[in-house]
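The primary structure of each chain is shown beneath.
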Amino acid sequence: MKVLYLLLLTLILCDSIEAQTKDRLPCIDKEFSIVAHLFKDTFGVYNITEAEINTTIDGVNNDFAPICVSFKVCEFQYHDNWEYSVHNADEEWGEMQNLYHVKNRINIFYVDTIKIPENACGYAGLGAIGNVSGSGIVIEIGCGIGTHSHELGHYFGLEHTFMDNGTTELADGSNCLTTADGICDTPADPFIKGSDMSLWLSGCKFISTIRDANGDFYDPIVGNIMSYYPCSCGFTDGQFHKMAETYYSSIGMW
């Protein structure tokens, strides 16, 4: 019964986000090519298959369909360097790009474990679609559609919905353009990275009673892909527009 309730709550959340999406969104009308990089582990095994990656990308395409964007893996590259399978971004990210990056493609590097940054399922360069000669996305094997869409959101210029930049967005949205993600249809989100998720959610219901500087309660969209809540449903209109703007600012590169 509890599982059914949680499923119902998630469906309601996703329907609510979808209802925000209007007909007049930009249509980029482009399929982006992905190069998937796979690394052997210490036992010489590649722990993810081409079929698994393709299935995940198919799911990601649903999230980006409202702006006529899709992704397709055009090449799988297999690398023997097992040292990169336990990934330390501080020491290895630059090397990996120099060795393996394919120009004019979205490069996704699949690793067994991300050691640095800590507790990350993936990471991407912010607005990196404007860098066709470097950058890319790192994904920990086992992290699914939500992680891929989240990191591609960063790749297309989206920030987290919460206050990564150290400024505090008010619950009434009056400073939405200058705080948090700078997008006004993503409500203020007080989430603190690294905190216990049980402080914020019960199932997919926001339960925190934390208040903003005006004494108002927060009501974030816990189904937003760019949040950290495990209830991933979709992007808002404002986020779609931001991603389209980021792409159009680099359109000469693609």
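In the block above lies the structure referred to throughout.
Because the structure is a prediction, the values reported are computed rather than measured.

J.: When you look at helix 4 (residues 145–155) in this model, what are you seeing that I'm missing?
T.: Count 3.6 residues to each turn of an α-helix, and residues three or four apart come out pointing the same way. In terms of burial, helix 4 is largely enclosed, as nine of its eleven residues are buried. Within the sequence span of helix 4, burial applies to Thr147, His148, Ser149, His150, Glu151, Leu152, Gly153, His154 and Tyr155. Its buried side turned inward, helix 4 meets helix 2 (50–64), strand 2 (69–79), strand 4 (106–111), strand 6 (122–124), strand 7 (137–140) and helix 5 (237–248).

J.: Explain the packing of aromatic side chains here, please?
T.: By convention here, two paired aromatic rings are described through the distance between centres and the angle between planes. Scanning the model with the defined rule gives 23 aromatic pairs in all. Geometrically, the ring pair formed by Tyr46 and Tyr78 is edge-to-face, given 4.9 Å between the ring centres and 80 degrees between the ring planes. Of this pair, Tyr46 sits in the loop between strand 1 (30–39) and helix 2 while Tyr78 sits in strand 2; the two residues are 32 residues apart in sequence, bridging distant segments of the chain. We classify Tyr46 as partly exposed; its relative accessible area is 25%.

J.: Please clarify how the environment of Leu126 should be interpreted in this entry.
T.: When you line up the elements, Leu126 lands in the loop between strand 6 and strand 7. When its relative accessible area of 49% is taken as the criterion, Leu126 is described as partly exposed. Separated by 31 residues in sequence, Leu126 and Gly157 have C-alpha atoms that sit 5.3 Å apart. Setting aside residues up to four positions removed in sequence, Leu126 forms contacts with His154, Gly157, Leu158 and Glu159.

J.: Can you help me understand unusual backbone geometry in this one?
T.: For residues that are not glycine, phi is negative in most cases, and the peptide bond is trans in most cases. In this structure, the amide linkage connecting Ile116 to the following residue, Pro117, adopts the cis form with an omega of 0 degrees. Relative to the elements of secondary structure, Pro117 occurs in the loop between strand 5 (113–116) and strand 6. Although it is not a glycine, Asp29 adopts a positive phi angle of roughly 55 degrees. When you line up the elements, Asp29 lands in the loop between helix 1 (2–20) and strand 1. With a phi close to 60 degrees, Asn104 is a non-glycine residue in the positive phi region. Take Asn104: it is sitting in the loop between helix 3 (89–100) and strand 4. Residue class for Asn104 comes out partly exposed when judged on its relative accessible area of 28%.

Reading guide: rules and limits
Residues numbered from 1 in each chain as written. Predicted model: local features only at pLDDT ≥ 70, side-chain atom pairs only at ≥ 80, totals over all residues. Heavy atoms only, no water. Buried < 20%, exposed > 50% of the residue type's maximum accessible area, 1.4 Å probe, protein only. Helix = DSSP H or I, 4+ residues; strand = E, 2+ residues; numbered from the N terminus. Contact = heavy atoms within 4.5 Å. Phe/Tyr/Trp six-rings, centres within 6.5 Å; stacked < 30°, edge-to-face > 60°.

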